[in-house]
Amino acid sequence: VQLQASGGGVVQAGGSLRLSCAASGRTFSIYPMGWFRQAPGKEREFVSAVGWSDSITDYADSVKGRFTISRDNAKNTVYLQMNNLKPEDTAVYYCAAASVPFNKLRRVEADFGSWGQGTQVTVSS
């Protein structure tokens, strides 16, 4: 599956951004999707994941209550709405597609076999 992420940019602390990730190349709806991020000098980390339906979601503690993941299976697209952004949210954000349609959401990079190119999010203080 091919993934194309977009929507990054520069925003002031407290602002909002919405990331999008368009998928192509295989049946989209049955595979969990995830967002990860990598800040300068740090390892890539899990941000959020969504199952086949918006009712099945998972969030890292650092973004819970501020970020919302969703998907539109008709458009083969997953979104990450980011509100109340903080400088520590600055990172390159990657969308990823699960390798298999597992039922329980996972946070491990190895469980996601396809990755987008990344989109930069910069939050100024």
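The coordinates are above.
Residues numbered from 1 in each chain as written. Predicted model: local features only at pLDDT ≥ 70, side-chain atom pairs only at ≥ 80, totals over all residues. Heavy atoms only, no water.

1. Considering the state of the cysteines
Basically, it comes down to this: In plain terms, two cysteine sulfur atoms within 2.5 Å form what is called a disulfide here. Working definition: helices are DSSP H or I runs of at least four residues, strands are E runs of at least two. Numbering for both runs from the N terminus.
According to the stated counting rule, one finds one disulfide in the structure shown. The disulfide that involves Cys21 links it to Cys95, with 2.1 Å between the sulfurs. Its torsion about the S-S bond being 60 degrees, the disulfide of Cys21 and Cys95 is classed as right-handed. Separated by 74 residues along the polypeptide, Cys21 in strand β3 (residues 17-24) and Cys95 in strand β9 (residues 91-98) bring together distant segments of the chain.

2. Structural notes on unusual backbone geometry
Backbone geometry at Asn76 places phi at a positive 50 degrees, although glycine is not the residue there. Tracing the chain through its elements places Asn76 in the loop between β7 (67-72) and β8 (77-82).

3. Details of the environment of Ile69
Put simply, the test is: When a residue's accessible area, from a 1.4 Å probe over protein chains only, is under 20% of the maximum for its type it is buried; when over 50% it is exposed; and in between it is partly exposed. Throughout, a contact is declared for two residues whenever any of their heavy atoms are within 4.5 Å.
With respect to the helices and strands, Ile69 occurs in strand β7. Owing to a relative accessible area of 3%, Ile69 belongs among the buried residues under this scheme. Placed ten residues apart in sequence, Ile69 and Tyr59 show a C-alpha to C-alpha distance of 8.6 Å. In contact with Ile69, other than residues within four places in its own chain, are Met33, Trp35, Ser48, Ala49, Val50, Thr57, Tyr59, Val78, Tyr79 and Leu80.

4. Considerations on the nonpolar core
For the record, the criterion: We call a set of buried Ala, Val, Leu, Ile, Met, Phe, Trp, Tyr and Cys residues a nonpolar core when their side-chain atoms join them within 4.5 Å.
Grouped together as the largest cluster of nonpolar side chains are 36 residues, with contacts concentrated most on Met33, Trp35, Phe67, Leu80, Met82 and Tyr93. Mapped by element, the contributors of at least two residues to this core are β1 (2-6), β3, β4 (33-38), β5 (45-50), β7, β8, β9 and β11 (119-124). No other element matches β9, which puts six residues into this core. With residues up to four places along the chain from it excluded, the contact list for Phe67 reads Arg37, Val47, Tyr59, Leu80, Gln81, Met82, Asn83, Leu85, Asp89 and Tyr93.

5. Some thoughts on the pattern of salt bridges
Condition: The term salt bridge refers to a side-chain nitrogen of Lys or Arg lying within 4 Å of a carboxyl oxygen of Asp or Glu.
What the rule picks out here adds up to seven salt bridges. Two residues, Asp58 and Arg107, come together in a salt bridge whose shortest N-O distance is 2.7 Å. Highlighted residues: Asp58 in strand β6 (residues 57-59) and Arg107 in the loop between β9 and β10 (112-115), separated in sequence by 49 residues. Exposure remark for Arg107: the relative accessible area of 40% places this residue in the partly exposed category. The closest approach of N and O atoms between Arg66 and Asp89, which form a salt bridge, is 2.7 Å. Here Arg66 is found in the loop between β6 and β7, whereas its partner Asp89 is found in the loop between β8 and β9, with 23 residues between them in sequence.

6. Observations regarding the pairing of β4
To be explicit about the condition: For two strands to count as paired, DSSP must find a minimum of two bridges between them.
Within β4, five of the six residues are buried, which leaves the element mostly enclosed by the surrounding structure. Across five bridges, the pairing between β4 and β5 is antiparallel. Its bridge partner being in β5, Trp35 is matched across the sheet by Ser48. The hairpin turn running from β4 into β5, its antiparallel successor, is six residues long, and Gly41 in that turn takes a positive phi close to 80 degrees. Pairing between β4 and β9: six bridges, direction antiparallel. Residue pairing for β9: Phe36 is matched across the bridge by Tyr94.

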